[in-house]
Amino acid sequence: MSTAILTGQPVPGSSLESDLRSLGFDVRIAADSSDAETLLAQVPADQRVAVVDARFVGHPHALRLGLTDPRFPLAAVPGAVTARPAGRQALTRAITRENSAGDGTTGGGLPARARSSVGEVHSLADRIADALDAEGADVHRPELGSLVAAVPDDPQTRNEARQAVAAVDDEAIRLKSAVKARDGFFTTFFISPYSRYIARWCARRGLTPNQVTTASLLTALIAAGCAATGTRGGFVAAGVLLIASFVLDCTDGQLARYSLQYSTLGAWLDATFDRAKEYAYYAGLALGAARGGDDVWALALGAMVLQTCRHVVDFSFNEANAGDTAASTSPAAALSDRLDSVGWTVWVRRMIVLPIGERWAMIAVLTAATTPRITFYVLLVGCAFAATYTTAGRVLRSVARKARRADRAAQALADLADNGPLAGLVARATRVRLGFPLLVALMGIAVLAVALFSGVTWAPVAGAVVYAVASGQALHRPLKGPLDWLVPPLFRVAEYGTVLVLAARADVPGALPAAFGLVAAVAYHHYDTVYRIRGNAGAPPAWLVRALGGQEGRTLLVTVLAALLTAAQFTIALTALAVAVALLVLTESIRFWVASHLRGAPAVHDEGEPA
């Protein structure tokens, strides 16, 4: 339960108390600021508390935005200020300073310092917010737009404020703001116009975003099961269910924004379930094709590798330039800004990068109307074009970048690289230091690629050894070069590509499905690393990275297994490795995110580019 402390005498006819209770607050009345300080001290330290001026006039949604958003320790709107447990000490200090500086009265008996030179009366809540600002605290002030939040100090201004409230449809604004500000064409025009109403329906029935996220996952898994039947009816049902899953996927975020039910656990579930849904669907298509006598597992694995590497490019670039404005001043960025002024180009550029809405719609239609092989061919071509387009633009921006990358960004890139103990040992033991990180990484990958396609049994092992040395050398220096953000995605290409090539060369039933499972398990680990970094939780624990062997260790292990074992034995080894990696990373990941949720880690919510 949260507590709201109303300061001053309630205004006759005001709905403020009922509005606060509808938002989940237990309302207490404070006669003056000293009384407010006393009531504040009585509220348990693990609860949210708000100080609200009894004269407040405004929309309920303005109070909701200002007082219930779980992402911010401190927040304020005119006439109200709130603190989550993490901000309680700062709030207590601020109200104590206010009482020591004045005479402890509110309303008409405000101390002289609470009145401006023109006689305007400032509420206690606003003075507390100003004191928090003066202390250097980060006080979130939501953008209210046409919503009203005011503290009138006479009947005339109160009447004007009430008229302003009546003139604006609070619910319409709340519903509109539930939709992500920036989204893809398909989502914006074909999903959000009705999914927002589904979100409101869910909110009114007490459903949570996590429940809707889970429903979306189950729907996608059923879609994958339908695709696995290999029948035309199954493919049609799979396409319809995939779109239904995407509608629910949009709904969970809109429900979170509509009801401000943000959480660390919810953000993790939403992100990881999106990947699980898509890759499970790829597997379903491959199983369905196999029932019809067409082996497309290599295409399914290739699609997963390409899509994962695309995401790593996005993550690495964004982390490398987080908080840096220099990357947005390049000629490429200037051209992008000019194109943004031409409305239709914005939507074209959002579509050609195949965000999740366009991608899933394309997959659904192709599944229902064509074959799994055609679906994967089109998907691979589309994703390859999108990857080339986005990566080229980011390279052009990075080349023109002049600012030196911050230590935090370099560390994030090193964590994304996922080097293990072998690379670390090689780097420490090697006296000779090679050149720039990106060039060293490219050299190692080139040697590995030549070895993989040489046709010599033990050549991939030798190539993997060279690659491990290059991996250690690439991270010997901090990744602060203009293009060093490419190192993590290149490592993903090397590791996943090695598994794909060796499994395809085995040419026995089950090798490619086993490789699919292994890459899926490792990709989950890499996605989990990204989500931890985004949530300011740091990289996964060092013991987990060591236990998994690092990306270079796993690459070397797979090449050794391929050289030592028969094709059938290699398939069994890949399956066992996939199971071991999956159990390890899932156990640690679930433990970490559930524990973060239980200990009240700051809620997060991603409003960035659609994945």
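Residues numbered from 1 in each chain as written. Predicted model: local features only at pLDDT ≥ 70, side-chain atom pairs only at ≥ 80, totals over all residues. Heavy atoms only, no water.

Moving on: the overall build of the protein chain. The secondary structure content of the protein chain amounts to 25 helices and 7 strands. A compact globule built from 611 residues should have a C-alpha radius of gyration of about 25 Å, and the protein chain, at 28 Å, falls within 12% of that. Referenced to the eigenvectors of the C-alpha coordinate spread, the extents of the protein chain come out at roughly 90 × 65 × 45 Å. Scored against the burial criterion, the 611 residues of the protein chain give a buried share of 53%. Put simply, 78% of the contacts in the protein chain that link residues at least 6 apart link residues at least 24 apart. (Helix = DSSP H or I, 4+ residues; strand = E, 2+ residues; numbered from the N terminus. Rg over C-alpha atoms; globule rule 2.2 N^0.38 Å. Buried < 20%, exposed > 50% of the residue type's maximum accessible area, 1.4 Å probe, protein only. Contact = heavy atoms within 4.5 Å.)

Ranked by internal contacts, the top residues of the largest apolar core, which has 105 residues, are Y282, F376 and L518. When sequence neighbours within four positions are dropped, the list of residues in contact with Y282 reads A300, A303, M304, I363, F376, L379 and F516. Counting 24 residues, the second largest nonpolar core, distinct from the first, contains L74, A83, I128 and A131. (Core = buried A, V, L, I, M, F, W, Y, C linked by side-chain atoms within 4.5 Å.)

Two faces, one strand: in a regular strand the side chains alternate between the faces of the sheet. Of the two faces of strand 5 (residues 74–77), both are covered, the one formed by L74 and A76 as well as the one formed by A75 and V77. Bridging between strand 5 and strand 6 (residues 80–83) involves 4 bridges; their strand directions are antiparallel. Residue pairing in the sheet places V77 in a bridge with A80 of strand 6. (Pairing = 2+ DSSP bridges.)

An ideal rise of 1.5 Å per residue puts 16 Å on 12 residues; helix 6 (residues 155–166) measures up with 16 Å between its terminal C-alpha atoms. If you check which residues of helix 6 are buried, you get R158, A161 and V165. Angular distribution of buried residues about the axis of helix 6 spans 60 degrees; they occupy a single face of the element. Set apart from the buried face of helix 6 by more than 90 degrees, the exposed residues are Q156, Q163 and A166. Each element contacted by the buried residues of helix 6 is listed here: strand 4 (57–58). Two or three places before Q156, at the start of helix 6, stands the capping residue D154, its side-chain oxygen 3.0 Å from that residue's backbone nitrogen. (Expected span 1.5 Å × (residues − 1). Arc of directions from axis to C-beta. Polar contact = N/O pair within 3.5 Å; in protein donor to acceptor, adjacent residues only side chain to side chain.)

Taken together, the side chains of L434, M443, V447 and V466 present a nonpolar region at the surface, about 270 Å² in accessible area. Within the secondary structure, V447 is located in helix 19 (residues 437–452). (Patch = residues over 30% accessible without salt bridge, like charges linked within 9 Å, V, L, I, M, F, W, Y side chains within 5 Å. Areas by Shrake-Rupley, 256 points an atom, 1.4 Å probe, with all protein chains shown as cover. Salt bridge = Lys/Arg side-chain N within 4 Å of Asp/Glu carboxyl O.)

On inspection of all chains with the given rule, the structure shows 17 aromatic pairs. Judged by centre distance (4.9 Å) and plane angle (45 degrees), the ring pair of F185 and F189 falls under tilted. With F185 and F189 both in helix 8 (residues 185–204) and 4 residues apart, the pair spans about one turn of that helix. Looking at F189, the relative accessible area reads 44%, which means it is partly exposed. Arranged with centres 5.9 Å apart and planes meeting at 85 degrees, the rings of Y467 and F491 form a pair that is edge-to-face. With Y467 in helix 20 (residues 459–474) and F491 in helix 21 (residues 487–506), the pair connects residues that are 24 residues apart, well separated along the chain. A relative accessible area of 0% places F491 in the buried class. An aromatic cluster of at least three residues, connected via ring pairs, comprises F185, F186, F189, F190, F246, W347 and W360. Looking at R350, its charged tip hangs above the ring of W347, at a distance of 4.9 Å from the centre. (Phe/Tyr/Trp six-rings, centres within 6.5 Å; stacked < 30°, edge-to-face > 60°. Lys NZ or Arg CZ within 6 Å of the ring centre and 35° of its normal.)

This part covers the sheet that holds strand 1 (residues 2–7). Within the open sheet, the 5 strands sit side by side as 2-1-3-6-5. Their pairing is mixed. Edge strands, defined here as strands with exactly one partner in the open sheet, are strand 2 (25–30) and strand 5. Averaged over all pairs of adjacent strands, the angle between strand axes in this sheet comes to 20 degrees, irrespective of strand direction. By the bridge criterion, 6 bridges tie strand 1 to strand 2 in an arrangement that is parallel. Residue L6 lies in a different strand from strand 2, and its bridge partner there is I29. Where helix 2 (residues 33–42) meets the sheet, its contacts fall on strand 1, strand 2 and strand 3 (49–53), and the angle it forms with strand 2 comes to roughly 145 degrees. Packed onto the sheet, helix 5 (residues 124–135) meets strand 1, strand 3, strand 5 and strand 6 and runs at close to 55 degrees relative to strand 6. (Axes fitted to C-alpha atoms, helices over the stretch in contact; angles between N-to-C directions.)

Another aspect to go through is the environment of T555. Position of T555 relative to the elements: it lies in helix 24 (residues 550–564). Not counting residues up to four positions away in its chain, the partners in contact with T555 are L448, A464, Y467, E495 and T498.

Mapped onto the elements of the fold, N419 is located in the loop between helix 17 (407–417) and helix 18 (421–429). There is a polar contact of 2.9 Å between the side chain of N419 and the backbone oxygen of S471. When near neighbours in sequence (up to four residues on either side) are disregarded, N419 contacts S471, G472, L475, F491, V545, G550, Q551 and E552.

The next subject is the pattern of salt bridges. Within the structure shown, the criterion is met by 22 salt bridges. Between D314 and R394 there is a salt bridge, and its shortest N-O distance comes to 2.3 Å. Note that D314 is positioned in helix 12 (residues 297–320) and R394 in helix 16 (residues 372–399), a separation of 80 residues in sequence. One continuous salt-bridge network, built from bridges that share partners, spans D528, R532, E588 and R591.

Axis separation between helix 9 (residues 209–227) and helix 10 (residues 232–259) bottoms out at 8 Å; the angle between their running directions is 170 degrees. Between helix 9 and helix 10, the interaxial angle falls into the category roughly antiparallel. Crossing of helix 9 against helix 10: the hand is left-handed. For the contact of helix 9 with helix 10, the class distribution of residues is 17 nonpolar, 6 polar and 2 charged. (Parallel < 35°, antiparallel > 145°, perpendicular 65-115°, else oblique. Left-handed = near helix turned anticlockwise from the far one by under 90°. Nonpolar A, V, L, I, M, F, W, Y, C, P; charged D, E, K, R; others polar.)

Most of strand 3 sits out of view: 5 of its 5 residues are buried. Residue alternation in strand 3 divides its side chains into two sets, V49, V51 and D53 and A50 and V52, and both sets are buried. Two strands pair when backbone bridges link them, and strand 1 and strand 3 are joined in this way by 5 bridges, in the parallel orientation. Of the residues in strand 3, the one forming a bridge with T3 is V49. Inspection of the sheet shows strand 3 paired to strand 6 by 4 bridges, in the antiparallel sense. Within strand 6, the position partnered with V52 by the bridge is A80.

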